[in-house]
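Take a look at the letters that make up each chain.
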Amino acid sequence: MHAKRLFTRNFTLLVWGQIFSLLGNYTLKFALSMYVLEQTGSASRFAAILAASTVPVILLSPVGGVLADRINRRTIMIALDTLSGISVGIVWLLWGAANHLTLITILQIILGIFGAFESPTVQACVPQMHRGENLMRANSVANQVQALAAMVTPFTGSIAYTLLGIQPVLMLVCGCFFCTALLELFLVLPSPANATQESLGKILCGDLKQSIHFLSREEPMVLQLLLLAAATNFFASGIVSVGLPFLVRTVLRLPTAWYGAAESVLGTAAVMGSLFIGIWGDKIPLRKQHWLWALFGVGLLPAAAAFALVLSPALCYAVLLAGLCVGQATCSMFSVVGLCAIQQRTPEGLTGKVMAFVMTLALCVQPLGQVLYGIAFDFCSPAAVLGITGLLVLFAAYSSRNLFKQLSRF
């Protein structure tokens, strides 16, 4: 399955499928976040819904990783995207007959369950298609697709949500999922060679032990790197997922289009970061990676000062956005490098399980971050939340310098 050419037929189909899937997911996330904030005006309630959708990913990702190494990955992706489209369509049909916040919460939980199975499957497909020098480029392309979707959907989503409302957006998202499933029908992926007739419980326990042993005994420094990624997710989920929409819409009272523009600009920053690492990634010493992460903390400090000085809403918005762009670009670079390091050190038969373990560990703190930051933004000043977060990120980056020095020796 490995090829020297990057855009093979399989990889091209996978990329286009992810484009439609991510467009649907991000558009839905944007529209629902705007709707919930407009209806409640509360960051904590919005954060609670986000956290509810993340819990299934944490609990079920190990199962998804096991299935990704036991069942044909093409079959898994087709089934999950089809079910996602059906779920969104059902919510559209029930919109006028049920409590909207309840429907949104249920839909987010269902899509979170599907995501727990699909994410490790998609991540395991990339090293199945490419190895060697193409693996970094393939992961960079996948990261750019994700970032481009994050850049485009807030702008288009804000227009669609403002002009059409939430129900037409639901129908558009439903169509995106079905388009993804249609493209995945044409993928050609061999079935895993390690399928057995053992019970699911026995397979799950055995495979999880195997992946834990691999990370804790064979690659312990990678496990430390994953703990650092978990800390990054904690801060990023609170500041970007909860803080950004709350600060723009509720604190600064800026129009929906301004929040959409902010999400698009952040998507551009992520694209630039992944593009940079895809071209010049081999020229950045691994021992210097902690400096990239420290830039995220540095960017938050001017934003804290802007809110503390009670500057104009437009100026606070600009300073906040500039700081988050720096963090988004550097986190994107860190993500590509870290993912490639893990994939290159993982045998193909373990890829799905290890990717699921990676995602579970990285996401385990995300609901906690969303809930705590939702409470913090409701009861503390924006300047205090942003300033303390910036200092904590800087401290964590400084503490990780020895880890990156050790990783650079291997």
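Residues numbered from 1 in each chain as written. Predicted model: local features only at pLDDT ≥ 70, side-chain atom pairs only at ≥ 80, totals over all residues. Heavy atoms only, no water.

**Q** Could you clarify how one ought to interpret the overall build of the protein in this entry?
**A** Scanning the protein from N- to C-terminus turns up 15 helices and zero strands. A buried classification covers 55% of the 410 residues belonging to the protein. Partitioning the intrachain contacts of the protein with sequence separation of at least 6 by distance along the chain shows that 90% fall at a separation of at least 24. Total accessible area computed for the protein in this model is approximately 17,300 Å², and 70% of it derives from carbon and sulfur atoms. (Helix = DSSP H or I, 4+ residues; strand = E, 2+ residues; numbered from the N terminus. Buried < 20%, exposed > 50% of the residue type's maximum accessible area, 1.4 Å probe, protein only. Contact = heavy atoms within 4.5 Å. Areas by Shrake-Rupley, 256 points an atom, 1.4 Å probe, with all protein chains shown as cover.)

**Q** Sorry, what's going on with the packing of helix 3 (residues 73-94) against helix 6 (residues 166-184) here?
**A** The geometry of a pair of packed helices is captured by two quantities: the angle between their axes and the separation between those axes. Axis separation between helix 3 and helix 6 bottoms out at 8 Å; the angle between their running directions is 165°. One element, helix 3, and the other, helix 6, form an angle in the roughly antiparallel class. Of the two elements, helix 3 crosses helix 6, and the hand of that crossing is left-handed. Every residue of helix 6 that contacts helix 3 at R74, M77, I78, D81, T82, S84, G85, I86, V88, G89, V91 and W92 is listed here: Q167, L170, M171, V173, C174, F177, F178, T180, A181 and E184. For the contact of helix 3 with helix 6, a count of residues per class yields 13 nonpolar, six polar and three charged. (Axes fitted to C-alpha atoms, helices over the stretch in contact; angles between N-to-C directions. Parallel < 35°, antiparallel > 145°, perpendicular 65-115°, else oblique. Left-handed = near helix turned anticlockwise from the far one by under 90°. Nonpolar A, V, L, I, M, F, W, Y, C, P; charged D, E, K, R; others polar.)

**Q** So what exactly am I meant to see when it comes to helix 14 (residues 382-399) here?
**A** Each full turn of the α-helix corresponds to 3.6 residues, which orients residues three or four apart in the same direction. With 18 residues, helix 14 ought to run about 26 Å at 1.5 Å a step, and its terminal C-alpha atoms sit 26 Å apart, in line with that. Among all positions of helix 14, only P382, A383, V385, L386, G387, T389, G390, V393, A396 and A397 are buried. (Expected span 1.5 Å × (residues − 1).)

**Q** Sorry if this is basic, but what is going on with the packing of helix 8 (residues 220-251) against helix 14 here?
**A** Direction vectors running N to C along helix 8 and helix 14 enclose 160°, while the axes themselves pass 12 Å from each other. In terms of their interaxial angle, helix 8 and helix 14 are classed as roughly antiparallel. Crossing angle aside, the handedness with which helix 8 passes helix 14 is left-handed. For the pair formed by helix 8 and helix 14, the contact residues are F235, I239, L247 and V251 on the first element and P382, L386, T389, L392 and V393 on the second.

**Q** I tried to follow the packing of aromatic side chains on my own but got confused; where do I start?
**A** By convention here, two paired aromatic rings are described through the distance between centres and the angle between planes. Counted by the stated rule, this structure contains eight aromatic pairs. Measuring from centroid to centroid gives 5.6 Å for F7 and F11, while their planes differ by 55°, and the two rings are tilted. Ring centres 6.0 Å apart and planes at 65° place the aromatic pair F234 and Y373 in the edge-to-face group. You can see F234 sitting in helix 8 and its partner Y373 sitting in helix 13 (residues 366-379), a full 139 residues away along the chain. In this structure, F234 and Y373 share a single accessibility class: buried. An aromatic cluster is defined as three or more aromatic residues linked by ring pairs; in this entry it consists of F234, F235, F246, Y373 and F377. (Phe/Tyr/Trp six-rings, centres within 6.5 Å; stacked < 30°, edge-to-face > 60°.)

**Q** Please clarify how the nonpolar core should be interpreted in this entry.
**A** Among soluble globular proteins, nonpolar side chains are generally buried collectively. Counting residues in each nonpolar core, the largest one holds 72 residues, and the members touching the most others are L324 and L386. For this core, the element with the highest residue contribution is helix 8, accounting for 10 residues. Filtering out sequence-adjacent residues up to four positions away, L324 remains in contact with I239, V240, L244, L266, F296 and L300. Ranked by size, the runner-up nonpolar core spans 20 residues in total, among them L6, F11, A138 and A150. (Core = buried A, V, L, I, M, F, W, Y, C linked by side-chain atoms within 4.5 Å.)

**Q** Help me understand the side chain of Q18 in this model?
**A** Relative to the helices and strands, Q18 resides in helix 1 (residues 9-40). Q18 sits in the buried class, given a relative accessible area of 16%. Not counting chain neighbours up to four residues away, the residues in contact with Q18 comprise E118, V122, V145 and E184.

**Q** Honestly, helix 3 in this entry has me stumped. Any pointers?
**A** Compared with the 32 Å implied by 1.5 Å per residue over 22 residues, the 32 Å span of helix 3 between its first and last C-alpha is a close match. Residues of helix 3 that are buried include every one of R73, I76, M77, I78, L80, D81, S84, G85, S87, V88, G89 and V91, and no others. Measuring from the side-chain oxygen of the N-cap residue of helix 3 to the backbone nitrogen of R74 gives 2.9 Å; that N-cap residue is N72. (Polar contact = N/O pair within 3.5 Å; in protein donor to acceptor, adjacent residues only side chain to side chain.)

**Q** Before we go on, may I ask you to explain unusual backbone geometry in this structure?
**A** Where the residue is not glycine, phi is negative for most of them; where a peptide bond is considered, it is trans in most cases. If you check the backbone angles, R253 has positive phi at about 55° while not being a glycine. Locating R253 in the fold gives a position in the loop between helix 8 and helix 9 (256-280). Phi angles above zero are rare outside glycine, and V310 is one such case at about 50°. Residue placement: V310 occurs in the loop between helix 10 (289-308) and helix 11 (313-344). Assessed through its relative accessible area of 68%, V310 is described here as exposed.

Don't take any of this as a statement about function, it's just geometry.
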